[in-house]
Amino acid sequence: MRPTEVEEYRQRARTNGVRPLTLVSLALLATGPVHQPPAPVVTGIEYQLVFNRTTAAARSLGVSMRFQASAAGPVELSLPAWTPGAYEISNYARRVSSLTAVQGAAALRWDKTDFDTWRVHVSAPGPVTVAFIFSADTLDNAMAWSRADFAFVNGTNVLLYPEGAGLDFPATLSVETEAGWDVATGLTSTGPRRYTEANFHDLVDMPLFIGRFDVDSALIGGVMNRIASYPAGALAGAARVLLWKQLSTMVPAMAKVFGETPWPNYTTLLVFDSAFGGGSALEHQNSHLGIYSPDFIGTPVLASITAHEIFHGWNVKRLRPSEMVPYRYDRPQPSPLLWVREGITDYYADLALVRGGVIDSALFLNVTQGKIDEVTATPPVALEDASLSTWIQPTDGTGTIYYAKGSLAGLLLDIMIRDASDNRASLDEVMRTLYRATVPAGRGFTTDEWWAAVNALAGRDLASAFAPRYIDGRESFPWARVAPLAGIRYIADSVSEPRLGVGTTTVEGREIVTNVTPGGPAALAGVLPGDELIRIGDLKFDPNFGPAFRARYRARSGSTVPLIVRRADAEISLTLVIRAELRVDGRLEFDRRPSLKAARIRHAILSGTTDRQ
Ligand SMILES: [Zn+2]
């Protein structure tokens with residue numbers, strides 16, 4: 001069964017579970033009182049995590065939940081199935097073992113009502129403790145992972161919630177670990193290794209580092225920021241100083257978009273592990289957890305992903321589409337606005353880097369060009385459709401295109417708003433307007449509200465011409481018309497040339513595959529994301545590889561050649577079939593003689609300003 005089918009099945013099961021109560025109520029009306037004992041009310045919830053040398057040896061965490069039950073009777077407790085931000089069903093209950101429920105010295109009977117809900121049969125009013133072991137062996141930022149002296153864990157993995165009473169209950173979480181070990185988390189500390197939050201949403205939103213790791217802190221814009229990194233010594237010396245320097249300029253550039261920093265402190269949690277190909281991070285309301293290959297240390301890519309996740313503190317953790325307010329943890333929450341959540345965030349990560357001086361405008365344009373190339377190499381897909389489809393992880397190559405394509409949509413809208421308003425408004429104001437209208441009210445924004453804000457700030461209707469074609473439609477983006485409004489030329493070339501069908505990132509001179517186009521020559525040869533490209537025939541992968549490859553193999557479509565990659569420290573020889581493809585290539589370059597207005601807009605985008613009086 002696909003996850004969605006599992007979820008639908010479970011929703012039906014739960015609905016069926018509720019029905020009999022309704023029927024009992026109707027029966028009550030019809031036939032008079034029938035004795036029905038009140039279900040126990042659960043209060044005073046306290047969670048405990050145990051991670052020490054003993055549990056580390058088993059790569060597990062000890063988890064317990066203690067609560068007061070108001071009466072005897074069944075209490076249903078569920079584990080979340082996913083972590084907000086990681087839009088996939090992971091079913092954390094799979095990693096639970098040895099569950100026990102006790103009241104005083106007596107073991108309580110329990111059974112399951114579905115695959116992630118346990119029903120504990122409480123025997124009398126009073127305290128109940130439910131405990132289990134959770135496997136911490138998955139190097140994934142939505143999961144739990146451990147080493148001999150370290151673990152990270154997400155609250156969604158291990159914290160049970162009572163069914164039927166909502167998620168707005170206060171709770172505490174305490175951590176028991178070795179005396180010399182430390183804990184780092186965005187949770188609100190209310191005692192030694194003890195944390196309290198007002199509701200379940202906040203409690204599960206802050207992952208924890210437990211064990212030995214490096215940690216230091218600094219004030220940025222008056223807010224305490226902390227970097228915690230594992231293993232100790234991995235992010236050290238000049239590389240750590242560089243990341244702090246980058247944060248000190250990127251974070252204020254992002255805060256300026258919204259006009260406030262809504263968190264009292266912020267924790268950047270970083271894990272570096274050579275078994276992890278590439279880099280991936282997951283946002284939380286005042287922290288994020290990033291997992292990277294050590295190759296990322298000291299690169300602008302690490303700064304870029306870090307900026308992306310911090311921007312999510314505003315856009316996603318607070319400013320959020322209405323479909324996702326409030327979060328629910330037992331089923332997918334698809335929204336057509338994922339492109340705003342991820343794509344617009346990615347646009348602002350690029351802007352944070354250039355506005356903060358981490359990269360220059362030429363590299364900003366290169367990064368943007370890379371996104372155009374990625375979209376060009378991907379089957380046409382509407383951003384709204386790609387947004388909805390993320391939950392089923394499409395296999396046609398469009399699965400994560402909402403990042404790059406959504407980011408480009410952000411740039412286009414920014415240019416069009418600035419052009420229409422004579423640079424008196426920008427996409428920054430769209431974000432700020434929606435943030436102020438919805439976040440204090442505790443609600444999400446709708447697609448209609450998004451476009452209303454765009455139109456209001458542009459001073460005219462941009463949405464009705466743009467949205468149906470480029471956001472809910474599959475037309476190629478109008479670069480030739482829009483880019484010049486910001487002093488950027490768009491040059492289109494039609495070429496037939498051999499293609500590999502991979503996306504790569506250069507890390508310290510090494511070419512690492514980040515994605516493989518399904519059905520493309522590299523995919524057919526067996527190239528996988530995370531592979532390091534070494535050479536094709538005698539042609540080495542270096543900065544000049546692309547032009548040399550196309551020149552060498554342009555006339556050799558159909559021939560085969562060895563493709564050498566490095567995977568898990570071993571060189572592997574694959575067989576590549578050369579294939580030429582016709583494509584239209586669009587190239588952006590800064591116009592050396594832009595109009596005065598276009599020059600103003602270009603400067604304002606790159607510096608985060610407008611010409612409003
Ligand atoms: Zn993101």
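Located above this text is the structure these notes cover.
Everything numeric in this text was worked out from a predicted model, so none of it was measured.

We now examine the overall build of the protein chain. Looking only at helices and strands, the protein chain has 17 helices and 29 strands in total. For the protein chain, the C-alpha radius of gyration of 26 Å lies close to 25 Å, the compact-globule estimate for 613 residues. Taken along the three principal axes of its C-alpha coordinates, the protein chain extends 80 × 60 × 50 Å. For the protein chain, restricting intrachain contacts to residue pairs at least 6 apart in sequence, the fraction spanning at least 24 positions comes to 67%. Taken as a whole, the protein chain presents about 25,700 Å² of accessible surface, with 54% of it coming from carbon and sulfur. Separation of charge centres in the protein chain, based on 59 positive and 63 negative side chains, amounts to 2 Å.

Further remarks concern the coordination of the zinc ion. Every protein donor of the zinc ion is listed here as His 308 (NE2), His 312 (NE2) and Glu 342 (OE), and their distances to the metal cover 1.9 to 2.1 Å. For the zinc ion, the single-chain donor residues occur in sequence as H-x3-H-x29-E. Taken together, the residues His 308 in helix α6 (residues 300-312) and Glu 342 in helix α7 (residues 338-355) connect sequence positions 34 residues apart. The two residues His 308 and Glu 342 agree in class, both being buried.

The next point concerns the packing of aromatic side chains. Evaluated as defined, the whole model comprises 37 aromatic pairs. Ring geometry for Phe 445 and Trp 450: centres 6.4 Å apart, planes at 35 degrees, overall tilted. On the basis of relative accessibility, which here comes to 0%, the residue Phe 445 falls in the buried class. The buried category is assigned to Trp 450, whose relative accessible area is 0%. Measuring from ring centre to ring centre gives 6.4 Å for Trp 451 and Phe 466, while their planes differ by 55 degrees; the resulting arrangement is tilted. Residue Trp 451 is located in helix α12 (residues 447-458), and its partner Phe 466 is located in helix α13 (residues 463-471); the two are separated by 15 residues in the primary sequence. The class of Trp 451 is buried, set by a relative accessible area of 8%. Here the aromatic cluster, defined as three or more aromatic residues joined through ring pairs, consists of Phe 258, Trp 263, Tyr 266, Phe 311, Trp 314, Tyr 347, Tyr 348 and Tyr 435. The ring of Tyr 327 has Arg 320 lying over it, and the distance from NZ or CZ to the ring centre is 3.8 Å. Sitting over the ring of Phe 477, Lys 405 keeps its end group 5.4 Å from the ring centre.

In an α-helix, one turn spans 3.6 residues, which is why side chains three or four residues apart end up on the same side. Within α13, the full set of buried residues consists of Ala 463, Phe 466, Ala 467, Tyr 470 and Ile 471. Around the axis of α13, the buried residues are gathered within 105 degrees of arc, so they sit on the same side. Its buried side turned inward, α13 meets α7, α9 (383-389), α10 (401-420) and α12.

What follows is about the environment of Thr 117. Among the structural elements, Thr 117 can be located in strand β7 (residues 117-122). By relative accessible area, Thr 117 is classed as buried at 1%. Between the C-alpha atom of Thr 117 and that of Leu 160, which follows or precedes it by 43 residues, the distance is 8.8 Å. Within the local environment of Thr 117, its side chain forms a polar contact with the side chain of Ser 78, the two groups lying 2.6 Å apart.

Glancing now at the pairing of strand β24 (residues 510-516). With six bridges joining them, strand β23 (residues 502-507) and β24 adopt antiparallel strand pairing. In the sheet register, Thr 505 faces β24, and the bridge partner there is Ile 512. The loop that links β23 with its antiparallel partner β24 comprises two residues; one of these, Glu 508, has a positive phi angle of about 50 degrees. Pairing between β24 and strand β25 (residues 532-536): two bridges, direction antiparallel. Counted as the bridge partner of Glu 511 is Leu 533 from β25.

How each quantity is defined
Residues numbered from 1 in each chain as written. Predicted model: local features only at pLDDT ≥ 70, side-chain atom pairs only at ≥ 80, totals over all residues. Heavy atoms only, no water. Helix = DSSP H or I, 4+ residues; strand = E, 2+ residues; numbered from the N terminus. Rg over C-alpha atoms; globule rule 2.2 N^0.38 Å. Contact = heavy atoms within 4.5 Å. Areas by Shrake-Rupley, 256 points an atom, 1.4 Å probe, with all protein chains shown as cover. Lys, Arg positive; Asp, Glu negative; His and termini not counted. Charge placed at Lys NZ, Arg CZ, Asp CG, Glu CD. Donors = N, O, S within 2.8 Å, 3.2 Å for Na, K, Ca; no water. Buried < 20%, exposed > 50% of the residue type's maximum accessible area, 1.4 Å probe, protein only. Phe/Tyr/Trp six-rings, centres within 6.5 Å; stacked < 30°, edge-to-face > 60°. Lys NZ or Arg CZ within 6 Å of the ring centre and 35° of its normal. Arc of directions from axis to C-beta. Polar contact = N/O pair within 3.5 Å; in protein donor to acceptor, adjacent residues only side chain to side chain. Pairing = 2+ DSSP bridges.

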